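Descriptive structure summary
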Amino acid sequence: MPKINYFNYSALVIQIIILISIFQRRLIKGKANKFLIITTIEIFVTTIFSTASVYIDNLGASNVLAKYISHWFYLLLHNFTSILYFCFLVSLTDTWHKIKQHIVLKIFLFLPILINVFLFAVNFFVPKIFYIDPVTELYVRGPYFILLYLNASISIIYGIVHIIKRRYLFSKSELFYILSLYPLFIIAAAIQFFFPQIKIEMFCHTLAILLVTYTIQKPEELLNAETKFGNNMYYTNITKKAFINGKDTIHIVINITNYNSLREMTGYETNSDLSTRIASIIEKINNEYSLNAELFYIRNGEYRMIVEEKCFNKVDITVEKLNDTLKRPLPFQDLKLTLIACVCIIRCPHDISDFDSLILFSKDLNNAFYYTGNVLYASSLYHPDYYVKKR
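Notes on the structure follow. Only a predicted model underlies this, so the values are computations on that prediction, with no experimental measurement involved. (Residues numbered from 1 in each chain as written. Predicted model: local features only at pLDDT ≥ 70, side-chain atom pairs only at ≥ 80, totals over all residues. Heavy atoms only, no water.)

Considering a positive patch on the surface
Where like charges cluster on the molecular surface, the positive patch consists of Lys34, Lys100, Lys106 and Lys310. With respect to the helices and strands, Lys106 occurs in helix H6 (residues 103-123). Residue Lys106 is classed as partly exposed on the basis of its relative accessible area of 32%. (Patch = residues over 30% accessible without salt bridge, like charges linked within 9 Å, V, L, I, M, F, W, Y side chains within 5 Å. Areas by Shrake-Rupley, 256 points an atom, 1.4 Å probe, with all protein chains shown as cover. Salt bridge = Lys/Arg side-chain N within 4 Å of Asp/Glu carboxyl O. Lys, Arg positive; Asp, Glu negative; His and termini not counted. Charge placed at Lys NZ, Arg CZ, Asp CG, Glu CD. Helix = DSSP H or I, 4+ residues; strand = E, 2+ residues; numbered from the N terminus. Buried < 20%, exposed > 50% of the residue type's maximum accessible area, 1.4 Å probe, protein only.)

Notes on the side chain of Asn8
Inspection of the secondary structure assignment puts Asn8 in helix H1 (residues 6-24). Looking at Asn8, its side chain comes within polar contact range of the side chain of Ser50, at 2.9 Å. Those residues in contact with Asn8 that sit more than four places away from it in its chain are Thr47, Ser50, Thr51, Val54, Lys199 and Met202. (Polar contact = N/O pair within 3.5 Å; in protein donor to acceptor, adjacent residues only side chain to side chain. Contact = heavy atoms within 4.5 Å.)

Details of the sheet that holds strand E5 (residues 302-308)
The strands making up a sheet associate through backbone hydrogen bonding, with each pair oriented either parallel or antiparallel. The five strands lie next to each other as E4-E5-E3-E8-E9, forming an open sheet whose pairing is mixed. Each of the sheet's edge strands pairs with one partner strand only, and the pair in question is strand E4 (294-299) and strand E9 (376-377). In the sheet, E4 pairs with E5 via five bridges, with the strands oriented antiparallel. In the sheet register, Tyr297 faces E5, and the bridge partner there is Tyr303. (Pairing = 2+ DSSP bridges.)

Quick look at the layout of surface pockets
Each pocket or cavity is described by its volume, and for the largest pocket that value is around 1,100 Å³. Take the lining of the largest pocket: its biggest share by element is six residues, from helix H11 (residues 232-244). Residue composition of the lining of the largest pocket, grouped by class: 22 nonpolar, 13 polar and 15 charged. There is about 470 Å³ of room inside the second largest pocket. What lines the second largest pocket is a set of 27 residues, among which His78, Tyr149, Ala152, Ala189 and Glu201 lie closest to the centre. Residue assignment for the lining of the second largest pocket shows that the elements contributing at least two residues are helix H3 (64-78), helix H4 (81-93), strand E2 (139-141), helix H7 (146-165), helix H8 (172-194) and helix H9 (201-215). Looking at the lining of the second largest pocket, its residues break down into 15 nonpolar, eight polar and four charged. (1 Å grid on protein atoms, 1.4 Å probe; cavity = no way out; pocket = protein on both sides within 12 Å on 5 of 7 lines; lining within 4 Å. Points joined across faces, edges and corners; volume = space filled by probe spheres on them. Nonpolar A, V, L, I, M, F, W, Y, C, P; charged D, E, K, R; others polar.)

Re the pairing of E5
With respect to burial, E5 is a largely interior element, six of its seven residues being buried. Both strand E3 (residues 249-256) and E5 contribute to a ladder of seven bridges, which runs antiparallel. Bridged to Asn255 within E5 is Glu302.

Thoughts on the pattern of salt bridges
Pairs may arise between side chains of opposite charge once their charged atoms sit close together. Applying the stated criterion across every chain, the model contains eight salt bridges. Put simply, Lys31 and Glu308 hold a salt bridge, and the shortest N to O gap is 3.0 Å. Of this pair, Lys31 sits in helix H2 (residues 31-58) while Glu308 sits in strand E5, placing them 277 residues apart in sequence. Here Lys31 falls in the partly exposed class, since its relative accessible area comes to 30%. Here Glu302 ties to Arg299 by a salt bridge, and the two come within 3.6 Å at their closest N and O atoms. Residue classification places Arg299 among the partly exposed positions, given a relative accessible area of 33%. Here the residues in one salt-bridge network are Lys31, Asp94, Lys247 and Glu308, joined through shared partners.

Section: the nonpolar core
In terms of nonpolar packing, the biggest core is built from 67 residues, with Leu75, Tyr85, Phe88, Ile178, Ile346 and Phe361 touching the most fellow members. Top element by residues in this core is H4. It accounts for seven residues. Apart from the residues within four sequence positions on either side, Ile178 is in contact with Tyr85, Leu89, Leu92, Ile163, Phe170 and Ile216. The next biggest cluster of nonpolar side chains, apart from the first, holds 33 residues, and it includes Ile250, Tyr259, Ile285 and Leu330. (Core = buried A, V, L, I, M, F, W, Y, C linked by side-chain atoms within 4.5 Å.)

Notes on the packing of aromatic side chains
Inspection of the entire model under this criterion finds 23 aromatic pairs. On the basis of an interplanar angle of 85° and a centroid distance of 6.0 Å, the ring pair of Trp72 and Phe120 is categorised as edge-to-face. Of the two residues, Trp72 is situated in helix H3 and Phe120 in helix H6; the sequence distance between them amounts to 48 residues. Classification of Trp72 as buried rests on a relative accessible area of 13%. Residue classification places Phe120 among the buried positions, given a relative accessible area of 0%. Seen in terms of ring centroids, Tyr234 and Phe296 are 5.6 Å apart; in terms of plane orientation they differ by 55°. Their pairing is tilted. (Phe/Tyr/Trp six-rings, centres within 6.5 Å; stacked < 30°, edge-to-face > 60°.)

Focus on H6
Owing to its 3.6 residues per turn, the α-helix brings residues three or four apart onto one side. Over its 21 residues, H6 runs 29 Å from end to end, which matches the ideal 30 Å to within 8%, given 1.5 Å per residue. Along its length, H6 reaches its greatest deviation from straightness, about 35°, at Phe110, and the proline Pro112 lies no more than four positions downstream. Looking at H6, one finds that the buried residues are Leu109, Pro112, Asn116, Leu119, Phe120 and Asn123. (Expected span 1.5 Å × (residues − 1). Bend = angle between axes of the 7 residues up to and from the residue.)

Structure below.
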C-alpha cells in the first residue's frame, strides 16, 4: 500500500509560515526562543527527509542508496525532536543551572542523545533498526525498531515530570497548553507505529510548535514595541523565576533620571525615538563586549540587563564602558542631550534576595541622591531592614 505524504506536505507549508512568523514577530531573543527556533528548524529538516523517504519508497524498487540515506536521516533527526522539546521546556523554566549542578539530571538529558547516536552508528554495520531488503529493495523496520520509541519516551517522561514539578512557574492556561502537547505526540507516534503508511508524526509536531508560538511564547506579551527589548511583564517573569529557582544572576539597572525632562525638551512625539536611541547604545555595548545579557525596557528611561553566571567576569568592564558612553553628549535631532544615567550593579540573590526589594531598590535609584557619575554597587548601598519596612 502506498504511503501517504499529504500530512508532510501540509506540515512543510505550516513550518515555513511559523519560521517567517517567528522572525517577523522577533521571537529571537532569550534561551527559550532560541531553542524554539532550533526545534522548529529541526522539525522542518526532519519533515523534508520524511517527505523524501515516502516519495522514494512509493517509486518501488531501486534507488537503494537514496532510500537508505533518506530513512537514516529521517529517523535520526526524528528521535532528536523530543530531546530538543525538553531543552525548550528547561529554558522556559529557566533551570539549566540545576541540570548542570546535578549528575543524575545530566544523565537523563544526555542518555537519550548517546543512545540515539549509538543506535544509528551501529545500524550501518548491524542493521537492527531498519534496513533495505536486498531482494525486494524495500524499506523494512528491524527487530530493534521499538528502541527508537523507548528512547524517545525517556525525554517525554522527563519533560512531563520536569513541568509538573515546576508547575508553580506557570499560569493554569500555560500549564494546560504545555502538558496537552504530550498526548498529541503519543497519539501521533502510536498511529504511525501501527499504521506506517500514514506519516502523521511530523504534522502533529508542527501543530505543537504552532500552539507554542501562539499561546506560550507571544511576543506581544514579551517585547516592548518601541525598543524591541523585553518589557516589564517579561522582566518580572524572568526575575521571579530566577529567585524561585535560586539562580545566581547580575542585574544591571540603568535609570535615566532626567528622562522626563528630556522628553519635555524634545517633545512628547519623539518619546519613542529617544528611548530607542538609548536602547541602541545599550545593545551595541552588550554585543561589543559579548556580555550576552538579556535586555529589558521597563518604562520612562528605565532599562535593565540580566547577566548569567558564565559572563559574570565581563560585567565590570562592560558596565564601566556603558556608563562612560551614557555620560557623553547624545546627538538627538538638532540637539546634544546630557543624560543623567544612574547605573548600578546588583548581584542576586547575594546583594538582594527577593523580588519586591529588588524592584523597590531599582526605583529608588531614580532619586538624584544616588547619582555620582560612577557605577554604583548594590552591595554598598542596599540596606535590607529599610526595604522590609518600606514594603
